[in-house]
Structures are given as C-alpha cells and as structure tokens.
Amino acid sequence: MTFGFFGAAAALGISAIGSAIGLAIAGQSTIGAWKRCYLNNKPAPFSLVAFAGAPLTQTLYGFLLMNRMLTSSQSDWFLLGLGLVCGVSIAASAIAQGKASASGSDAMAETGKGFVQYITIVGLCETVALFVMGFGMAMILAF
C-alpha cells in the first residue's frame, strides 16, 4: 500500500501547504490593517483575527480525509489519485480564502463596517474545501 499511503499523506500535506499560503496572505494583510489603524490613532479591531486564521481549517479537512483514506480498502492508485486531487482542491480553497480574508481585513479596518458580509465571502471559500472533503470521503465508500 505504498502509493495509497502517499495519497493519504498528499491529502494532508498539500492541504496544509495551501493553508500556510492562505494564512500568510491573510496574516500579512491583517497586520498591515492593524498598522494603519495605529498610524491613524484608531482602535485596531481584534475581530480581524477571524480573517487571519480562516485558512487554517483546510489543514483539518485534509487530516480528516487522510484518516479516512488510511482505513480504506481501495486500491493504491485510487487513493493516490484521490489524495492528490483532493489535496490540491483543498489547498486552492485555502489560498482563495486567504485572499478573500485579506480583502475583508483591509475593508473592515478601514471602515469598521461590514464584518458579516466579509466573513460570508470567506465562508463561501471554505465551502469548497468542505465539499471536496465530503465528496472525497463519499468516493471512498462508493467505489
């Protein structure tokens, strides 16, 4: 099951890479937004942490999918393909979420308004990763 293990590891590893990239994008923008608040003698909203940390959850989805893959009796090639495709998809979701979070963080710090609308868009990016994880788990059972 060498290739199957690699596929399971890829589901987690690639998802985590996407989370790291998304966190870097969102975190840089959040720090910049706080800096602008301090320079303008405005309070720096702690709620921006929600934007900065949002892409982290995709690592969890990769982990959950990996665990399901490790208990699967599917073929090595199936698991390899599944892990690679799902890992890349979850990573793309995390990167998109980081970009949306960066914009939300910037807008929230500038205006002090719109948190619910901004976090809604961030949540839509999250939904892609949830669907990929869920459909990936379903494929393991279906084939």
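Quick note: structure is the one above.
Since this is a predicted model, take the numbers as computed values, not measurements.

What counts, and at which threshold
- Residues numbered from 1 in each chain as written.
- Predicted model: local features only at pLDDT ≥ 70, side-chain atom pairs only at ≥ 80, totals over all residues.
- Heavy atoms only, no water.
- Salt bridge = Lys/Arg side-chain N within 4 Å of Asp/Glu carboxyl O.
- Helix = DSSP H or I, 4+ residues; strand = E, 2+ residues; numbered from the N terminus.
- Buried < 20%, exposed > 50% of the residue type's maximum accessible area, 1.4 Å probe, protein only.
- Patch = residues over 30% accessible without salt bridge, like charges linked within 9 Å, V, L, I, M, F, W, Y side chains within 5 Å.
- Areas by Shrake-Rupley, 256 points an atom, 1.4 Å probe, with all protein chains shown as cover.
- Phe/Tyr/Trp six-rings, centres within 6.5 Å; stacked < 30°, edge-to-face > 60°.
- Expected span 1.5 Å × (residues − 1).
- Arc of directions from axis to C-beta.
- Contact = heavy atoms within 4.5 Å.
- Polar contact = N/O pair within 3.5 Å; in protein donor to acceptor, adjacent residues only side chain to side chain.
- Disulfide = S-S within 2.5 Å.
- Bend = angle between axes of the 7 residues up to and from the residue.
- Core = buried A, V, L, I, M, F, W, Y, C linked by side-chain atoms within 4.5 Å.

## With respect to the pattern of salt bridges
Using the criterion set out here, one finds 2 salt bridges in the structure. When the shortest N-O distance is used, the salt bridge between R36 and D106 registers 2.4 Å. Taken together, the residues span a long stretch of sequence, with R36 in helix α1 (residues 2-39) and D106 in helix α4 (residues 76-111) at a distance of 70 residues. Relative accessible area serves as the criterion here: at 28%, R36 is assigned to the partly exposed category. Several salt bridges share partner residues, and in doing so they unite R36, D106 and E110 into one network.

## Some points on a nonpolar patch on the surface
A contiguous nonpolar patch, built from F6, L84 and V85 and spanning about 280 Å² of accessible area, is present on the exposed surface. With respect to the helices, strands and loops of the structure, F6 is situated in helix α1. Overall, F6 belongs to the partly exposed group, its relative accessible area being 49%.

## Some details on the packing of aromatic side chains
The geometry of two aromatic rings is summed up by the distance between their centres and the angle between their planes. Scanning all chains against the criterion turns up 3 aromatic pairs. Ring centres of F3 and W77 lie 4.6 Å apart, and the angle between their planes is 25 degrees; on these two criteria the pair is classed as stacked. Placement of F3 in helix α1 and of W77 in helix α4 is noted, with a sequence separation of 74 residues between them.

## A closer look at helix α3 (residues 57-70)
Along its 14 residues, α3 runs 20 Å from first to last C-alpha, staying within 8% of the 20 Å computed at 1.5 Å per residue. Buried within α3 we find Q58, Y61, G62, L65, M66 and M69. All buried residues of α3 project into a common sector of 135 degrees when viewed along the axis, lining one side. Summarising the contacts, the buried residues of α3 are in contact with α1, α4 and α5 (115-142).

## Quick look at the side chain of S29
Assignment of secondary structure puts S29 in helix α1. At 2.8 Å, the side chain of S29 and the backbone oxygen of A102 are in polar contact. Excluding residues within four positions of it along the chain, S29 makes contact with A102, S105 and D106.

## So, the state of the cysteines
Following the criterion strictly, the structure yields 0 disulfides and no others. Here C86 is not disulfide-linked; the sulfur of C125 is the nearest cysteine sulfur, at 18 Å.

## Some remarks on α1
With 38 residues, α1 ought to run about 56 Å at 1.5 Å a step, and its terminal C-alpha atoms sit 55 Å apart, in line with that. At A10, α1 shows its largest bend, some 25 degrees. Backbone geometry just downstream of α1 places N41 in the positive-phi region, at approximately 55 degrees.

## Focus on the nonpolar core
With 14 residues, the main nonpolar core has Y61, L65, M69, L82, C86, I90 and I140 as its most contacted residues. Mapped by element, the contributors of at least two residues to this core are α1, α3, α4 and α5. The residues touching I140, leaving out its near neighbours within four places in the chain, are L65, R68, M69, S72, Q74, F78 and L82. With 10 residues, the next largest nonpolar core counts F51, A54, M108 and V122 among its residues.

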